[in-house]
Structures are given as structure tokens and as C-alpha cells.
Amino acid sequence: NTKPEMIVRHLLHRKGFRYRLHVSSMPGKPDLVMPRHRAVVLVNGCFWHGHDCHLFKWPSTRPGWWRAKIDRTRETDREAFAALKADGWRIAIVWECALKGRTRLGVDEVADQLSQWLLSKSQEDVSIEGTRP
């Protein structure tokens with residue numbers, strides 16, 4: 001229920017998509033699950049998932065602890081993605097930088113990209129992130 005997640009939920013609902021939230025029986029407990037489209041949408045915070053963008057900066061205090069924590073989050077993400085793919089799910093990741101910061105795409109662009117991907121039935125996963133400066 002983070003602010004970026006609430007924005008994505010609102011955008012998709014407004015476009016007519018329906019979903020289930022945080023399905024605990026699925027690997028990684030995805031943020032949004034759309035069984036009809038056989039797709040999951042993950043809304044990732046750039047800091048917590050170690051995204052390579054302007055919103056992520058390694059903390060200067062306790063660097064070893066933070067590196068271990070964020071590396072473990074990345075490893076958990078990889079394991080969940082592999083399990084979801086093995087079960088036949090399509091995966092979309094919406095990064096926080098797509099919705100905020102100086103490189104944001106804007107909510108309409110994010111909504112359009114997500115809805116096009118969902119309707120396309122493409123088996124390719126998608127990562128929606130802010131533009132590179």
C-alpha cells in the first residue's frame with residue numbers, strides 16, 4: 001500500500017483492469033495479480049530494490065549492512081521471478097522512478113504502457129522506469 005502502488009492500482013482500475021492484491025500463495029507475494037491476463041504487476045521502490053537510477057544511493061552509514069540487505073532483496077526478487085515464470089506468469093515491474101523524480105514518465109504514460117502490455121498477451125516481461133537523463 002505504498003504511494004506508488006496506490007497510483008498504479010488506481011490507474012489500472014480506471015482503465016478497466018481488475019486484479020487481486022498481494023496473493024500470499026504466489027511466489028514473492030506480487031503486488032497485483034491479474035489471472036485473466038495471466039500477469040502480475042510489481043511496484044518496486046528504487047531504494048529498497050537497488051534500482052540503477054537517480055533515486056538510489058548507497059547509504060553512507062553501515063554500508064556493509066545495507067549492501068547485504070539490498071543484495072538479499074535482489075536475490076529474493078530473482079527467485080520469485082523465476083518461480084513465477086516457471087508457473088507461466090507474465091511479469092511487469094513499475095519502478096518508483098517512473099512515477100516520481102526528475103526522470104518520471106508521468107502517470108498517463110505508465111498507464112498506457114501497462115495496458116498495452118496487458119492487452120498484447122506478449123510473453124515478454126516489461127520494466128517501466130523513468131527515462132535516463
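Here goes a summary of the coordinates provided.

Cut-offs used in this document
- Numbering of residues starts from 1 in each chain and follows the order in which that chain's sequence is written.
- For a predicted model such as this one, the threshold for reporting local features is a pLDDT of at least 70, and the threshold for listing and counting side-chain atom pairs is 80 or more; totals across whole chains, interfaces and linings nevertheless cover every residue.
- The side-chain values count all of the structure's non-hydrogen atoms but skip hydrogen atoms and water molecules.
- At least two bridges found by DSSP between two strands are what make those strands a pair.
- By definition, any uninterrupted DSSP run of H or I lasting at least four residues is a helix, any uninterrupted run of E lasting at least two residues is a strand, and each is numbered from the N terminus.
- In what follows, residue pairs with any heavy atoms lying within 4.5 Å of each other are defined as contacts.
- Only the contacting stretch of a helix is used when fitting its axis, a line to C-alpha atoms as for every element, and angles between N-to-C directions run 0 to 180 degrees.
- Helix span, expected: 1.5 Å multiplied by one less than the number of residues in the helix.
- Summary of the burial criterion: residues with accessible area below 20% of their type's maximum are buried, those above 50% are exposed, and those between are partly exposed, where the area comes from a 1.4 Å probe applied to protein chains only.
- Residues belong to one nonpolar core when they are buried, are Ala, Val, Leu, Ile, Met, Phe, Trp, Tyr or Cys, and are joined through side-chain atoms within 4.5 Å.

Within the open sheet, the five strands sit side by side as β1-β2-β3-β4-β5. Their pairing is mixed. This sheet does not close on itself; its edge strands, each paired only once, are β1 (20-21) and β5 (126-128). Strands β3 (39-44) and β4 (90-95) of the sheet are contacted by helix α2 (residues 63-86), whose axis makes an angle of about 145° with β4. Its contacts with the sheet put helix α3 (residues 107-120) on β2 (32-34), β3, β4 and β5, and the angle it makes with β4 is roughly 175°.

Moving on, we get to α2. For α2, with 24 residues, the first-to-last C-alpha span of 34 Å sits near the 34 Å given by 1.5 Å per residue. Buried within α2 are the following residues: Trp-66, Ile-70, Thr-73, Asp-77, Ala-80 and Leu-84. In this structure, the buried side of α2 is in contact with β3 and β4. One or two positions beyond α2, positive phi appears at Gly-88, with a value near 90°.

Nonpolar side chains in soluble globular proteins tend to be buried together. Counting residues in hydrophobic clusters, the biggest one holds 18 residues, and the most contacted among them are Val-8, Leu-12, Val-41, Val-94 and Leu-114. For Val-8, the contacting residues outside a window of four places in its chain are Leu-32, Val-41, Val-43, Val-94, Leu-99 and Leu-114. By size, the runner-up hydrophobic cluster in this structure holds 13 residues, among which are Val-40, Leu-42, Trp-89 and Ile-91.

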